[in-house]
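# Residue-level structural notes
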Amino acid sequence: MTGNNFNTKRRFVTCTELDRISCLPENLIDSILEKLPVQDVVRTHVLSKSWRYKWTTLSSLVLDKHFSEKFAKNEAFGHNGFITISNQIFNFLKGPLLKLHLHIPNISLDSFQEVDQWILSLSRDGVIRELILTNLNQRYQLPCYLFRCLELRKLELENCIIKSPLDFQGFLYLKDLVLRNIQFGANLHGTILNLPQLKVLKLSACTNVYNFKIKSTSLYKLTVLYCPDATLLQLLHSKCLSAVGIGFILPIQGVERINLATLLSNMPCLVLFLIDGYFLEFSIAENIPKWLPHPANSLKTLSLRNFKFGDLYQLQGVLCMLRNSPNLGQLNVNNQVKSGLWNVHLDLDVKPALTYLEASNYLDQTMNRLKTIEIIHVESSSPLLLFIKLLLEHSPTLEKISIQPRVTADAQEKYNFAKDVMRLPRASSKAELHYLDP
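Keep in mind that what you see is a predicted model, and the values were worked out from it rather than measured.

Taking burial as the measure, the seven residues of strand S15 (residues 372-378) include five buried ones, the bulk of the element. Strand direction decides the pairing type here: S15 and strand S16 (residues 400-405), joined by six bridges, are parallel. Each bridged residue has a counterpart across the sheet, and for threonine 372 the counterpart in S16 is lysine 400. Where the polypeptide runs from S15 across helix H12 (residues 382-393) and back to S16, its parallel neighbour, the crossover connection is right-handed.

The next subject is the pattern of salt bridges. Evaluation of the coordinates by the stated rule reveals six salt bridges. Of the charged contacts, one joins glutamate 156 and arginine 180 as a salt bridge, the two residues approaching to 3.0 Å between their closest N and O atoms. Here arginine 180 lies in strand S6 (residues 176-184) and glutamate 156 lies in strand S5 (residues 154-162), a separation of 24 residues in the sequence. Given a relative accessible area of 14%, glutamate 156 falls into the buried group. Its relative accessible area of 26% is what places arginine 180 among the partly exposed residues. Two residues, glutamate 158 and arginine 180, come together in a salt bridge whose shortest N-O distance is 3.3 Å.

Here a ring pair, both rings aromatic, is described through the centre-centre distance and the interplanar angle of the planes. Applying the stated criterion across every chain, the model contains 10 aromatic pairs. Centre to centre, the rings of phenylalanine 147 and phenylalanine 171 are 6.3 Å apart; their planes meet at 20°, and the pair counts as stacked. With a gap of 24 residues between them, phenylalanine 147 in the loop between strand S4 (140-141) and S5 and phenylalanine 171 in the loop between S5 and S6 connect regions that are remote in the sequence. Looking at phenylalanine 147, the relative accessible area reads 10%, which means it is buried. A relative accessible area of 5% means that phenylalanine 171 is categorised as buried. Measuring from centroid to centroid gives 5.2 Å for phenylalanine 248 and phenylalanine 282, while their planes differ by 75°, and the two rings are edge-to-face. With phenylalanine 248 in the loop between strand S11 (243-247) and helix H8 (260-265) and phenylalanine 282 in helix H9 (residues 277-283), the pair connects residues that are 34 residues apart, well separated along the chain. Through a chain of ring-to-ring contacts, the aromatic side chains of Phe147, Phe168 and Phe171 assemble into a single cluster.

Moving on, we come to helix H11 (residues 351-359). When we look at burial in H11, the residues that qualify are Ala353, Leu354, Tyr356 and Leu357. Take H11 and look down its axis: the buried residues cluster within an arc of 160°, on one side only. Facing away from the buried side of H11 by over 90 degrees, the exposed positions are Lys351, Thr355, Glu358 and Ala359. Lining the buried residues of H11 we find helix H10 (312-323) and H12.

Residue placement: asparagine 137 occurs in the loop between strand S3 (130-135) and S4. Assessed through its relative accessible area of 12%, asparagine 137 is described here as buried.

This part takes up the nonpolar core. Counting 116 residues, the largest nonpolar core has Leu179, Phe184, Leu201, Phe273, Leu302, Leu322 and Ile388 as the members making the most contacts within it. Those residues in contact with leucine 322 that sit more than four places away from it in its chain are Leu302, Leu328, Leu331, Leu363, Gln365, Met367, Phe387 and Leu391.

In this section: the packing of H12 against helix H13 (residues 411-422). Direction vectors running N to C along H12 and H13 enclose 25°, while the axes themselves pass 10 Å from each other. In terms of axis orientation, H12 runs roughly parallel to H13. Here H12 runs over H13; the crossing is right-handed. Facing H12, whose interface residues are Leu384, Leu385 and Ile388, H13 presents Phe417, Asp420 and Val421. Residues of the contact of H12 with H13, tallied by class, amount to five nonpolar, no polar and one charged.

This next bit is on the environment of leucine 157. Following the sequence through the fold, leucine 157 ends up in strand S5. Judged by its relative accessible area of 1%, leucine 157 is buried. Through-space distance from the C-alpha of leucine 157 to that of valine 178 is 6.4 Å; in sequence the pair is 21 residues apart. The residues contacting leucine 157, other than those within four sequence positions of it, are Leu133, Leu142, Ile162, Val178, Leu179, Arg180 and Ile182.

Cut-off values and rules
- Residues numbered from 1 in each chain as written.
- Predicted model: local features only at pLDDT ≥ 70, side-chain atom pairs only at ≥ 80, totals over all residues.
- Heavy atoms only, no water.
- Buried < 20%, exposed > 50% of the residue type's maximum accessible area, 1.4 Å probe, protein only.
- Helix = DSSP H or I, 4+ residues; strand = E, 2+ residues; numbered from the N terminus.
- Pairing = 2+ DSSP bridges.
- Right-handed = clockwise from strand over helix to strand, strands pointing away.
- Salt bridge = Lys/Arg side-chain N within 4 Å of Asp/Glu carboxyl O.
- Phe/Tyr/Trp six-rings, centres within 6.5 Å; stacked < 30°, edge-to-face > 60°.
- Arc of directions from axis to C-beta.
- Contact = heavy atoms within 4.5 Å.
- Core = buried A, V, L, I, M, F, W, Y, C linked by side-chain atoms within 4.5 Å.
- Axes fitted to C-alpha atoms, helices over the stretch in contact; angles between N-to-C directions.
- Parallel < 35°, antiparallel > 145°, perpendicular 65-115°, else oblique.
- Left-handed = near helix turned anticlockwise from the far one by under 90°.
- Nonpolar A, V, L, I, M, F, W, Y, C, P; charged D, E, K, R; others polar.

As structure tokens, then:
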């Protein structure tokens, strides 16, 4: 500009300089891509030439429920659109996978041939650390080469058949094992799988569990739900167990009875114990001792599911647990019905339970550490009222008790029960009563 003393120079910025994301460290780029849905990750190839093939080197691949349903809906790309698209993604990947989440939707599959090939590629790479496979089709028999993935740290399987090779010794680095709706093959019978690093084991709705024998001295969290043929004492071999959840969901008959005293003796470090009423009823002896030979001294939280206060045997079982848990700080009872699994037994005869509670003080133990009680989704009843009365009388350090009636309770029923609970004497002057609206 004429007359301007400033010597200005216009600087042109190149496209390369504007592409700041390409200058990010590779590990940061990988971290960003792993957090995106896979379809968005593939779209990054249009950002620039340097991004064209970045997605093909991903070490983590998530083909989850949201991804699979997108292609299964309206038969996108044909009735096996999910398989077609997933196959293309696997074929484009160049580097080995460390993590794979695979959700197989309920589509018309002639076979699991492609899935077998994907697992075969994982076993060839030999570095997979985390595998989550959920299957909504017919049960999928896992190929034997899954057991070559010896670097696994986390394995989660649903609706599969497990038949390990005879020479399989175990996953030496596996820490988390979650198995849902799994059928264990007869070839596992008598074979002990070595899982020395296993910390968490969850079994749900599995069959032939007695064939599944593991050896792990590091297990600290165990959950076994609706596995009626599970040999629990063989699973409860780790002295490190601190959190255990066991539920039968339905009444169980025809299997060997488990003694509660023996069970607790196997878990000296137990801190959290979640059980349902059917398991509690199943695990008590006919003549329940007042004091168990091995009290649960470490137990801090006792959670009950599907517990019937009007069932004499279940009531005797929980009072036995309370007497023998001197350091218990929290008691939870949750009777929420889920998917029609709970067998409610509305015609239960509560007279024996009432007689038992009214006859004398069957708790006979001061709960000096009990601070919180939560009883939710329960039906108002005389046995429940007497049970609450028993707890309030023997809990001098209680700080809070929360009660929530069942959703179907009418307004008058809720009002009457709340009024009765408010009148109960309390050993703790600090105890707050919270009566929750369902």
